[in-house]
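Analysis of the macromolecular model
One letter stands for each residue in the lines below.
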Amino acid sequence: MIIVLKQGTPQQEIDKLTNIIVAKGINVNPMFGSDLTILGLIGDTSQVDPAQIESFRCVERIMKVAEPFKKANRMFHPGESVIKVGNTEVGGKKLSIMAGPCSVESKEQITYVAEEVKKAGATVLRGGAFKPRTSPYAFQGLKYDGLELLEEARAVTGLPIVTEIMSPYDIEIFDEKVDCIQVGARNMQNFDLLRLLGQTKKPILLKRGLSSTIEEWLMSAEYIMAGGNPNVILCERGIRTYETYTRNTLDLSAVLAVKRLSHLPVIVDPSHATGKFWMVEPLARAAIAVGADGVMIEVHNDPAHALCDGAQSIKPDLFAAVMKDIRTIAACVGREA
Ligand code: PEP
Ligand code: MN
């Protein structure tokens, strides 16, 4: 439930109303916009009598929130959320370009790719240290050594780092070392992990689950936000359909849906969505054209010998070309890159 207050309502009145609602065991989130103050109610709002609330003179109107996600709901947050990630922001006018290898393989590799993507205009360095592989015999990542190599690449380039967490045991070390914690598609509904990430203040890049609906995805964001961490960035990375030509099916309409339903920023990962390096450039363009807040792209110095996801990785020179394209499209849709 949302209570819209009349303009210029004194704080005293807001407090009075809030206390009555809180006494019913409901959380009240006040939001002060430039020309609107709203109270977002979270909890069992069947306890709230709309007639009683409307009897307060400061109340303009009451709105029911039909969707099960509240904190992630656009109704709860007038305006777009802008999330600070290290020295950059996700969700503002400037597009976020997260780029780097699927997995961190060596100091030379990650530092070289970091320098190249930075030169071309990336804003965040990605690189997996803990890899969720389908086969237990496949390369599982450099783990804690990988985190250190990412830190070194950040020190050299100044790029903030995003990397995937797999286990709740690692939250403390991720919180200390990385700028943004990625929750991969496979862990999107690992509710214990989400709940614990809600207790940090670290930005969380929440990838859409392999077969998740948009509502399930937003409910996972809600888990993190309900715990007290509002810093969630969504990432559409393709979903599983009957089509097998591409690794997944990129759902660009999800960007529009999420933008309508939620205030959270959303970026697109054309690399995992398609599994094909030659589809990355055109779909990155499409993502920006449709209104995404940025992209996540896998870039590798030597895709043919990559330890993970070589077929979808692009080389730094192609990444530079993608950036040029993105800048052209960005200008058409009122964004910057
Ligand atoms: C990744 O970004 O390296 C990754 C494993 O992505 P996803 O969780 O989307 O498959
Ligand atoms: Mn990958």
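Residues numbered from 1 in each chain as written. Chains lettered and ligands numbered in written order. Predicted model: local features only at pLDDT ≥ 70, side-chain atom pairs only at ≥ 80, totals over all residues. Heavy atoms only, no water.

**Examining the packing of aromatic side chains**
Overall, the coordinates contain three aromatic pairs when judged by the stated rule. Look at Phe 130 and Phe 174: their rings are 5.8 Å apart centre to centre, the planes differ by 45 degrees, and that puts the pair in the tilted class. Pair noted here: Phe 130 is in the loop between strand 8 (124–126) and helix 4 (144–157) and Phe 174 is in helix 5 (residues 171–177), with a separation of 44 residues, a long-range link. By relative accessible area, which is 7% here, Phe 130 ends up buried. Given the relative accessible area of 0%, Phe 174 is considered buried. Plain terms: the ring middles of Phe 191 and Tyr 223 are 4.5 Å apart, the flat faces sit at 25 degrees to each other, and that makes the pair stacked. Of the two residues, Phe 191 is situated in helix 6 (residues 191–197) and Tyr 223 in helix 7 (residues 214–226); the sequence distance between them amounts to 32 residues. Judged by its relative accessible area of 31%, Phe 191 falls in the partly exposed class. You can call Tyr 223 partly exposed: its relative accessible area is 28%. (Phe/Tyr/Trp six-rings, centres within 6.5 Å; stacked < 30°, edge-to-face > 60°. Helix = DSSP H or I, 4+ residues; strand = E, 2+ residues; numbered from the N terminus. Buried < 20%, exposed > 50% of the residue type's maximum accessible area, 1.4 Å probe, protein only.)

**Considering helix 8 (residues 253–261)**
Listed as buried for helix 8 are Ala 254, Val 255, Val 258 and Lys 259. All buried residues of helix 8 fall inside an arc of 135 degrees around its axis, so they share one side. Buried residues along helix 8 sit in contact with helix 7, strand 12 (232–236), strand 13 (266–268) and helix 10 (277–290). (Arc of directions from axis to C-beta. Contact = heavy atoms within 4.5 Å.)

**A look at unusual backbone geometry**
Unlike most non-glycine residues, Lys 143 shows phi in positive territory, near 55 degrees. Position of Lys 143 among the secondary structure elements: in the loop between strand 8 and helix 4. Since its relative accessible area comes to 36%, Lys 143 is described here as partly exposed. Even without glycine at this site, Asp 309 takes up a positive phi of about 55 degrees.

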